[in-house]
Amino acid sequence: MSRRRYGLAAAAAGAVLVLAATGCTAGGSGSSSAGSGGRPVLTFLTFETPNLDAKYWDAAIARASAKVPGVKIKKLVAPSADRNGYVKQLAASGQLPDLMISVNPDGLAQSGKLTAWSAADLADYVSPNANPIGGKIYQLPYNTQPTPLVYYNKDLFAKAGITATPATYQQFLDDCAKLKSKSIDPIIVGGGGKDTFADGYPDIAAVGTDVYRARPNWLAERRSGKRSFTDPAFVGALKKVQDLAAKGYIDKSGLSRDYAATEQAFRDGKGAMYPMGSWFAASADAKKPGFGVGVFPWPSDDGKTVVPAYTGGGMSVSSTAPDVPLAKKWAKAFMEDKANLDASVRADGSIIAIRGYTPPAGMGPVYRATDALYQDAAKRHALVNSFTVETGDTGLVPGVSDRLWAGTADLISGRTTADELAKNLDTEWAKDTK
Amino acid sequence: MTITSPPSRTARRPSRRAPLAGIGHFLAFGAPGLLLYLGLVLVPVIMSVRSSLTDENPLHRSTRYTGLANYRELLGDPAFHRALGNTVIVTAIVVVVPNVLGLGVAILLDRRGRLYHALRAVFFTPVVLSSVVVSVIWQALLTDDGMVNSLLRSAGVDHPPGWLSDPSIALYSVASIIAWQMLGFCVVVYLAGLQGVPPELHEAAALDGAGAGGRFRHVTWPMLAPAVTINTVMLLITAFKAYDHIQVITNGGPGDGTTATIAFSVVTTAFTGNRIGYAAAMSTVMLALVAAISVLALRFLQRREVNL
């Protein structure tokens, strides 16, 4: 090869390298392509938790693919439980996955990046209008998760002389005092490592009982500007959390524990109560701790039952998927497959919101207690939205929940007050809606 | 030895072709690197600066030009000021600690023998580990009920520090972990520098009556000037870019931004708050800072090398 040709070849090789390095994408229209045999390749964003491990996802994907042949699924895994932030990173770099599960569609939907589900698609769903965005549904509302409930260690309650679960908030405080007097940490929270969100469950509970019960549409009113976080009811809810921390009822050392370590701390008997989503029921039944686990709703002041819950959590489909109808067909197959739903119930304590579904036989006592508590609240019309978990037109604007979780750590460690945190949330809201 | 070509016709031919041959060489050896640099560094930097002059939001359908509005907002943004302060603290720890300890360890390891070879490998191991792996391990060790505090409690410390849960300590904990990981890099660079010091210089200094301290001050330390330059600049850049350790160990907390550096804030602002234009302004300021400090440090340290 002559020098000139050699040089040109080298330059061409360099150009190819650059194009390869800058043009390669892992999802969305950039990567989804025809796989071997002309089958479209769809990227599917999942996330892993102690309950939902790689095996769970691989088995569920295989079952859906068996029902919808002619598609090849490339599984992506969010680097942490915060798949919402990760999806935005992927979207910003043109790599939005074709399929994504349990991702907040807010923002993505408004910018045209997601495709809406039709009424026919949602015909079998119990809450076909859950979490609308501009009147359309972008996430299959396949399950309900009460978030949070209070899971408790029956042995530690007995040790502190507590014979019944608290019905009112005052009884709850009295029980905390009894536990504390026996050198038992009353309430376990998390929040360390990448899982800052794990400190926020007392907030969600307090807002549910003290704000949403009286004004179920409070957040929608916040979105329309009628309310602010500095409203007395909202600040009052935060003050309850501040007060629990100030009295030493919330274990501050939890602020250094990530989500998995927080659950482990409860399992290890390092605290008596664990405010957590209903998915913990599955974990408690599958790997029984060395003590009995009970559950009760976070008590309200007057003792009336209030259960925050969220119905949604299913699949969303990118509007730029290489074959949108096929992607939707696969997504529905994934969500509605009986074996997949059973696996979701067993692994994640899901309360399935699809008509005609019945949970598998032999579910454990903690799941049954959780389900009974939810069904009872539904009958009493005592369900409210789960603050920060809710999505769509009545959800928080992106970014504010992260500020709440970060601020809650300051609230628990005594570095800020409920009033200051509420003010910060209003400031963040204004910034993020610029 | 000098080779001179005879002034023949055949010898003049290449000189007429020289420009073309030069282009060929450039294309063969320089172009791939240049194209990679353009594609992966320069073009993204230009795109980022352009984005910093807009209100770009990945979830909005359109982007407006906003001039210097993002930069003006940065001036009055307490979160950015705090991130800048955190970055300065992390940088100070990450530049000083591995440099000082690395030099000490290198001097101790500057001996022959299998044990010393093995120890060099031990000290270098953290450098080649993924920062995420290092972070996960340290996060598990330093939680309030982790191994470090369990040991302290068993040693009689009733209230051990909240290494990662106490906002007044967490930043120093994270910076120390980064410093620990970079220690091996400094050790290797200093070892290479120490082994490049001619033994005759030490012998001559000893003959002149210099003790161990004098030999270090007048022979070893000046001869290590290039190693100091490499370590300092590399550590500066590492510290300014600190993101992954913080993301895994504290996620910017505990609390509101207590361990957030500029690099961390850029990512959260862009992908949690969705303000890509504002985050681009942050990253442009960070780029200018890193460039300015690196150039200043290089000039200062290289002047010291020249003065040898």
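Here, residues in each chain are numbered from 1, in the same order as that chain's written sequence. Chains carry letters and ligands carry numbers; both start at the beginning, A for chains and 1 for ligands, and go up in the order they are written. In view of the model being predicted, local features appear only for residues whose pLDDT reaches at least 70, and side-chain atom pairs are presented and counted only at 80 or more, with totals across whole chains, interfaces and linings using the full set of residues. Working from all heavy atoms in the structure, the side-chain values ignore hydrogens and water.

**Student:** Can you walk me through the sheet that holds strand 6 (residues 149-153) of chain A in this structure?
**Tutor:** Hydrogen bonds along the backbone pair up the strands of a sheet, which may run parallel or antiparallel. Residues and elements named next belong to chain A. When DSSP finds at least two bridges between two strands, those strands are taken to pair. A helix here means a DSSP run of H or I that spans at least four residues, while a strand means a run of E at least two residues long, and both kinds are numbered starting from the N terminus. On the basis of which strands lie adjacent, the open sheet formed by three strands has the order 7-6-8 and antiparallel pairing. If you trace the sheet from one side to the other, it starts and ends with strand 7 (273-276) and strand 8 (293-296), each paired once. When strand polarity is set aside, the average angle formed by the axes of neighbouring strands in this sheet is 30°. Pairing of strand 6 with strand 7 involves four bridges; the strand directions are antiparallel. Residue pairing in the sheet places Leu 149 in a bridge with Met 276 of strand 7. Residue contacts follow a heavy-atom distance rule, with two residues in contact if any of their heavy atoms lie within 4.5 Å. As a rule, the C-alpha atoms of each element are fitted with a line to give its axis, helices using only the stretch in contact, and angles between N-to-C directions run from 0 to 180 degrees. Of the strands in this sheet, strand 6, strand 7 and strand 8 are in contact with helix 11 (residues 279-286), which crosses strand 7 at around 130°.

**Student:** Mind showing me how you'd approach empty space enclosed by the protein here?
**Tutor:** Where empty space is left can be seen by rolling a probe of water-molecule size over the atoms. Only protein atoms enter the 1 Å grid used here. Points where a 1.4 Å probe fits but cannot escape make up a cavity, open sets with protein on both sides within 12 Å along at least five of seven lines make up a pocket, and a residue lines them when an atom lies within 4 Å of a point. Grid points are joined across faces, edges and corners, and a volume is the space filled by probe spheres set on the points. Tallied over the entire structure, the rule returns one cavity of 30 Å³ or more. For the largest cavity, the calculated volume is near 70 Å³. Forming the boundary of the largest cavity are 13 residues, of which A:Gly191, A:Leu255, B:Thr250, B:Gly253 and B:Pro254 lie nearest the centre. By residue class, the composition of the lining of the largest cavity is five nonpolar, eight polar and no charged. Any residue that is not Ala, Val, Leu, Ile, Met, Phe, Trp, Tyr, Cys, Pro, Asp, Glu, Lys or Arg is counted as polar, Gly included; the first ten are nonpolar and the last four charged.

**Student:** Any chance you could explain the interface of chain B and chain A here in plain terms?
**Tutor:** Taken together, the contacts link 40 residues of chain B with 46 residues of chain A. The term buried area means the drop in 1.4 Å probe accessible area that two parts suffer when joined, counted for both and summed. Here chain B packs against chain A, burying approximately 3,400 Å² in sum over the two surfaces, 59% of which is carbon and sulfur. In terms of surface lost to chain A, no three residues of chain B exceed B:Leu59, B:Asp256 and B:Phe271, which account for 17% of the buried area on that side. Salt bridge, as applied in this entry: a Lys or Arg side-chain nitrogen positioned within 4 Å of an Asp or Glu carboxyl oxygen. The tally of links between chain B and chain A comes to three salt bridges. For the salt bridge of B:Asp145 with A:Arg257, the shortest nitrogen-to-oxygen distance reads 2.8 Å.

**Student:** What is the right way to look at the sheet that holds strand 4 (residues 114-115) of chain A in this model?
**Tutor:** Residue and element names in this part refer to chain A. With respect to topology, five strands assemble into an open sheet ordered 2-1-3-10-4, the strand pairing being mixed. Only two strands of the sheet have a single neighbouring strand rather than two, namely strand 2 (72-77) and strand 4. Strand direction decides the pairing type here: strand 4 and strand 10 (residues 315-318), joined by two bridges, are antiparallel. If you follow Thr 115 over to strand 10, its bridge partner there is Val 317. Taken strand by strand, helix 4 (residues 83-92) contacts strand 1 (41-46), strand 2 and strand 3 (99-101), and its axis lies near 145° from that of strand 1.

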